[in-house]
Amino acid sequence: AQSVAQPEDQVNVAEGNPLTVKCTYSVSGNPYLFWYVQYPNRGLQFLLKYITGDNLVKGSYGFEAEFNKSQTSFHLKKPSALVSDSALYFCAVSNLPRDDKIIFGKGTRLHILP
Amino acid sequence: EAGVAQSPRYKIIEKRQSVAFWCNPISGHATLYWYQQILGQGPKLLIQFQNNGVVDDSQLPKDRFSAERLKGVDSTLKIQPAKLEDSAVYLCASSSPGSPSTDTQYFGPGTRLTVL
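Read on for a plain summary of the structure. Since the model is a prediction, treat every value here as computed from it, not as a measurement.

As for the overall build of chain A
Then comes step 1: Secondary structure summary: chain A contains zero helices and 12 strands in total.
Then comes step 2: Listing the helices and strands of chain A from first to last along the sequence gives β-β-β-β-β-β-β-β-β-β-β-β.
Then comes step 3: By the compact-globule yardstick of 13 Å for 114 residues, chain A fits well, its C-alpha radius of gyration being 13 Å.
Then comes step 4: When its C-alpha atoms are laid out on the principal axes, chain A stretches across 45 × 30 × 20 Å.
Then comes step 5: Across the 114 residues of chain A, 51% fall into the buried class.
Then comes step 6: Looking at chain A alone, contacts between residues at least 24 apart form 57% of all its contacts between residues at least 6 apart.
Then comes step 7: When the accessible surface of chain A is summed, it comes to about 5300 Å², and 49% of that surface belongs to carbon and sulfur atoms.

So this is what it looks like as structure tokens:
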């Protein structure tokens, strides 16, 4: 069965600094990996996904994620953080196309300090 | 395009009462999902529909939860009777299965349920 771990409950970054939100996964076969963001009182918004191809995936709002097969990681990154990036971030994994059930991590709260 | 619609946005009930949530997916999306998100946790899949058929309901507490998608479009999720531990945000999502470029799930704003 697939699983995903987000080891940090909260990450604090100063505005303008680079940010990283960590995610590791476990899945049989080739993983499909996703990042979603959740702003207060709003549903999850899709940021980006990795299916195959380049290990560096670019997504919405300037975010990118790096797939590392040997470390089974899919860390979310942004070169320069904005205060408006403060939100709850979820990493997710699935066994698509075999099984489109998506398993979510518990989430990491990102605080960007002005 | 219009997003996933959910109602109500908030609901407060007492334990042992019943409650129903409604979801209208993105037009043309054949797959619909209901998730439960308890505070401090990631969303957990309750049930998945493909058109009006159930694909996966392995994590749905069937003694008290039920869901239907009779016409393959909108869906309702019901809890009867509610327990304190059902307090959570209930998220609806939809996707258009097929190529990897279309399998992304799109989420509604959620219904925040408080059981007293």
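There's more to say after this.
Focus: the interface of chain B and chain A
Then comes step 1: Counting residues at the interface gives 24 residues for chain B, matched by 18 residues for chain A.
Then comes step 2: When the two sides are added together, the surface that chain B and chain A hide from each other amounts to roughly 1600 Å², 49% of it contributed by carbon and sulfur.
Then comes step 3: At the junction of chain B and chain A, the tally comes to three residue pairs in polar contact (both at pLDDT 80 or more).
Then comes step 4: Listed by contribution, the elements that provide at least two residues to the side of chain B that touches chain A are β4 (31-37) and β5 (44-50) of chain B.
Then comes step 5: Of all the elements, β4(B) adds the most residues to the side of chain B that touches chain A, at three residues.

A short note on the packing of aromatic side chains
For any two aromatic rings, the description comes down to two numbers: the centre-to-centre distance and the angle of the planes.
Then comes step 1: Under the definition given, this model contains 15 aromatic pairs over all chains.
Then comes step 2: Seen in terms of ring centroids, A:Phe104 and B:Tyr35 are 5.6 Å apart; in terms of plane orientation they differ by 90 degrees. Their pairing is edge-to-face. Residue A:Phe104 is located in strand β11 (residues 99-104), and its partner B:Tyr35 is located in strand β4; the two belong to separate chains.
Then comes step 3: With a centroid separation of 6.0 Å and an interplanar angle of 80 degrees, the aromatic rings of A:Phe104 and B:Phe107 are classed as edge-to-face. Of this pair, A:Phe104 sits in strand β11 while B:Phe107 is found in strand β10 (residues 106-107), placing the two residues in two different chains.
Then comes step 4: On the accessibility criterion, A:Phe104 (9% relative accessible area) is buried.

Digging into the pattern of salt bridges
Then comes step 1: Throughout the structure, instances matching the rule amount to six salt bridges over all chains.
Then comes step 2: The residue A:Lys106 makes a salt bridge to A:Asp9 at a minimum N-O spacing of 2.3 Å. Of the two residues, A:Lys106 is situated in the loop between β11 and β12 (108-113) and A:Asp9 in the loop between β1 (3-5) and β2 (10-14); the sequence distance between them amounts to 97 residues.
Then comes step 3: Note on A:Asp9: relative accessible area 56%, which makes it exposed.
Then comes step 4: Residue B:Lys62 pairs with B:Asp57 through a salt bridge whose shortest N-O separation is 3.7 Å.

What counts, and at which threshold
- Within every chain, residues take consecutive numbers counted from 1 along the sequence as written.
- Chains and ligands are labelled by the order in which they are written, letters from A for the one and numbers from 1 for the other.
- Only residues with pLDDT of at least 70 are given local features in this predicted model, and only at 80 or more are side-chain atom pairs given and counted; all residues enter the totals for whole chains, interfaces and linings.
- The basis for every side-chain value is the complete set of heavy atoms in the structure, and neither hydrogens nor water enter the calculation.
- Each helix corresponds to a stretch of at least 4 residues labelled H or I by DSSP, and each strand to a stretch of at least 2 residues labelled E; elements are numbered beginning at the N terminus.
- In this treatment the radius of gyration is a C-alpha quantity, and the globule benchmark scales as 2.2 Å times the residue count to the 0.38 power.
- Using a 1.4 Å probe on the protein chains alone, a residue whose accessible area is under 20% of its type maximum counts as buried, one over 50% counts as exposed, and one in between counts as partly exposed.
- We call two residues in contact whenever any of their non-hydrogen atoms come within 4.5 Å of each other.
- For every accessible area listed, the method is Shrake-Rupley and the probe measures 1.4 Å; residues are considered covered only by the protein chains on display.
- What gets called buried area is simply the loss in accessible area from a 1.4 Å probe that two parts show on being joined, summed for both.
- Each polar contact in these results corresponds to two N or O atoms within 3.5 Å; when the atoms are within protein, one needs to be able to donate a hydrogen and the other to accept it, and residues that are neighboring in sequence are counted only if both atoms are side-chain atoms.
- Planes of paired rings set the category: under 30 degrees apart is stacked, over 60 is edge-to-face and the rest tilted, where pairs are Phe, Tyr or Trp rings (Trp by its six-membered ring) whose centres lie within 6.5 Å.
- Salt bridges are counted wherever a side-chain nitrogen of Lys or Arg sits within 4 Å of a carboxyl oxygen of Asp or Glu.

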